Amino acid sequence: MLQVAPIGALAFIAIINLVLVFQFDLSTWHGGGFGMFSSVDHHTSRFIRVMARTPRGIKIIDLGEYTAEVETLKNLPTPARLSSFLTKLACTTDLPPQTSSLTLSYYKLDFTRNPLQAELKWEGRTDVCR
Amino acid sequence: MFVDEQRATRPIYLMLLTICAFYTTSDWVFALPFASLFAAAILYERVLTHWVFWTLVTSLLGISIGRLWLSEGNHLFFLFYVSLIALVASHTDSPRSVFRLNARYMIGLVFGLATFWKLISNNFTSSLFYSHLLVTDDRLGIIGLLFTKLSRSDILANRLALTRVLDTPVELISYPEIQTLAVVLTWVTLAVEAIVAIVFLVDTDLARCLRSPILLVFLLGTYIVIPVPSFGTILACLGYAETRSRFYQKLFLMAFIFMPLTALRYYLLPV
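Residues numbered from 1 in each chain as written. Chains lettered and ligands numbered in written order. Predicted model: local features only at pLDDT ≥ 70, side-chain atom pairs only at ≥ 80, totals over all residues. Heavy atoms only, no water.

(A) Quick peek at the overall build of chain B. The secondary structure content of chain B amounts to 14 helices and zero strands. Seen in sequence order, chain B has helices and strands lined up from the N terminus as α-α-α-α-α-α-α-α-α-α-α-α-α-α. The C-alpha radius of gyration computed for chain B amounts to 20 Å, which stays within 12% of the reference 18 Å derived for 271 residues, consistent with globular compactness. With respect to the three principal axes, the spread of C-alpha positions in chain B is 65 × 45 × 35 Å. The 271 residues of chain B split such that 52% are buried. Element-wise, carbon and sulfur atoms account for 68% of the exposed surface of chain B, whose accessible area totals about 12400 Å². The averaged location of the 16 negative side-chain charges in chain B is 6 Å from the averaged location of its 19 positive side-chain charges. (Helix = DSSP H or I, 4+ residues; strand = E, 2+ residues; numbered from the N terminus. Rg over C-alpha atoms; globule rule 2.2 N^0.38 Å. Buried < 20%, exposed > 50% of the residue type's maximum accessible area, 1.4 Å probe, protein only. Areas by Shrake-Rupley, 256 points an atom, 1.4 Å probe, with all protein chains shown as cover. Lys, Arg positive; Asp, Glu negative; His and termini not counted. Charge placed at Lys NZ, Arg CZ, Asp CG, Glu CD.)

Here is the structure:
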């Protein structure tokens, strides 16, 4: 039994991966299911945009500082994880002056359309921390 | 007998350790401990086949998966499973047969899963996957450059256009030959991966004869064009572990040694 434990581990994680892909939109390129190179739906066709509401209008937040975190977020974009990231951003100090609230939008490329368009999949809004 | 077994498996342990040291992750928190373990195994011969050593390697890989599973690719999982084989093998009196058995089923399952995901993916079977990545991806784009009139500037323009897709719809630059090439690549990829899965999972005389040559054809055909040394070296290591033929073992060793050089393609033929 011990001799085939590695195969068992592979099969076990592949099943978990299957559930995460279908239930939580995990990218098939990640998570140990060996589904890489099987779908165009990976982090380069998923997008996250955060907008700040200020007295001078709506401003797009530069997420460059959070590149690595945003990439992992796009690979498993559950509402809970997106909300948690938004809440974290709302409590940072480097927001535009007098920002009252933040809106996070998560999009996926819609490959059924020509020309290509991004389709909104989730949106959340939160007031900034005082 | 046991000494012979240990000698026969030594190259497998060494290949595995090399992969851990060089291809695990760019995250230095994990890369540095692997460098230390690599040095210890090279300097102290007995360490390499000791179960305590492989418990450390496997644990470290397990922790790195826990931390990096959403940022690193599947090679990290693959390496973890193969290090589990090494851990189990280092516990037994017949490490060669443990490696051989697990290598066979692991290659079969990995290719089986890869085929499964492609078959259930509408955008793969409809050739959309290749027709999109041939004109946008830095790895697959090279195929479009070689076989169609697609140019580097087309690929760069497509990538730039995609960065603006949230603001405006995007029409990617493509050519009719791209679509034809995408259809061919789609079915060739599916056929080759399915064949590899079948010959490793089925136990007939014909399948046994075909395992090593087909895996070598896959390694050669895939990784020269799309270099992924982290994955290719693991497959070469498992191919070596699975075969009984000295001839094919030498070929897998050559594939393992030269696999990293395929990545020079990114410098010599950049997309």
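(B) A look at the sheet that holds strand β3 (residues 101–110) of chain A. Residue and element names in this part refer to chain A. In space, the four strands of this open sheet follow the order β2-β1-β3-β4, with antiparallel pairing throughout. Strands at the two margins of the open sheet, each flanked by one partner only, are β2 (57–60) and β4 (117–127). Averaged over all neighbouring strand pairs, the angle between strand axes comes to 25 degrees, with direction disregarded. In terms of strand pairing, strand β1 (residues 46–54) meets β3 through eight bridges, oriented antiparallel. Of the residues in β3, the one forming a bridge with Ile48 is Tyr106. (Pairing = 2+ DSSP bridges. Axes fitted to C-alpha atoms, helices over the stretch in contact; angles between N-to-C directions.)

(C) The arrangement of the packing of helix α10 (residues 176–201) of chain B against helix α11 (residues 205–223) of chain B in detail. Residue and element names in this part refer to chain B. It is the contact of α10 with α11, at a shortest axis distance of 9 Å, that shows an interaxial angle of 145 degrees. You can see that α10 and α11 cross each other, and the crossing is left-handed. Where α10 approaches α11, its residues Val192, Glu193, Ile195, Val196, Val199 and Phe200 are matched on the opposing element by Ala207, Leu210, Arg211, Ile214, Leu215 and Phe218. Of the residues contributing to the contact of α10 with α11, the split by class is 10 nonpolar, no polar and two charged. (Left-handed = near helix turned anticlockwise from the far one by under 90°. Contact = heavy atoms within 4.5 Å. Nonpolar A, V, L, I, M, F, W, Y, C, P; charged D, E, K, R; others polar.)

(D) Region of the structure containing the pattern of salt bridges. Residues and elements named next belong to chain A. Throughout the structure, instances matching the rule amount to 15 salt bridges over all chains. In this structure, Asp25 engages Lys108 in a salt bridge whose closest nitrogen and oxygen atoms are separated by 3.1 Å. Of the two residues, Asp25 is situated in the loop between α1 (5–24) and β1 and Lys108 in strand β3; the sequence distance between them amounts to 83 residues. You can call Asp25 partly exposed: its relative accessible area is 25%. Note on Lys108: relative accessible area 15%, which makes it buried. Among the salt bridges present, the one from Arg125 reaches Asp127, with a minimum N-O distance of 3.3 Å. On the basis of relative accessible area, Arg125 is assigned to the exposed category, the value being 57%. (Salt bridge = Lys/Arg side-chain N within 4 Å of Asp/Glu carboxyl O.)

By themselves these figures say nothing about function.
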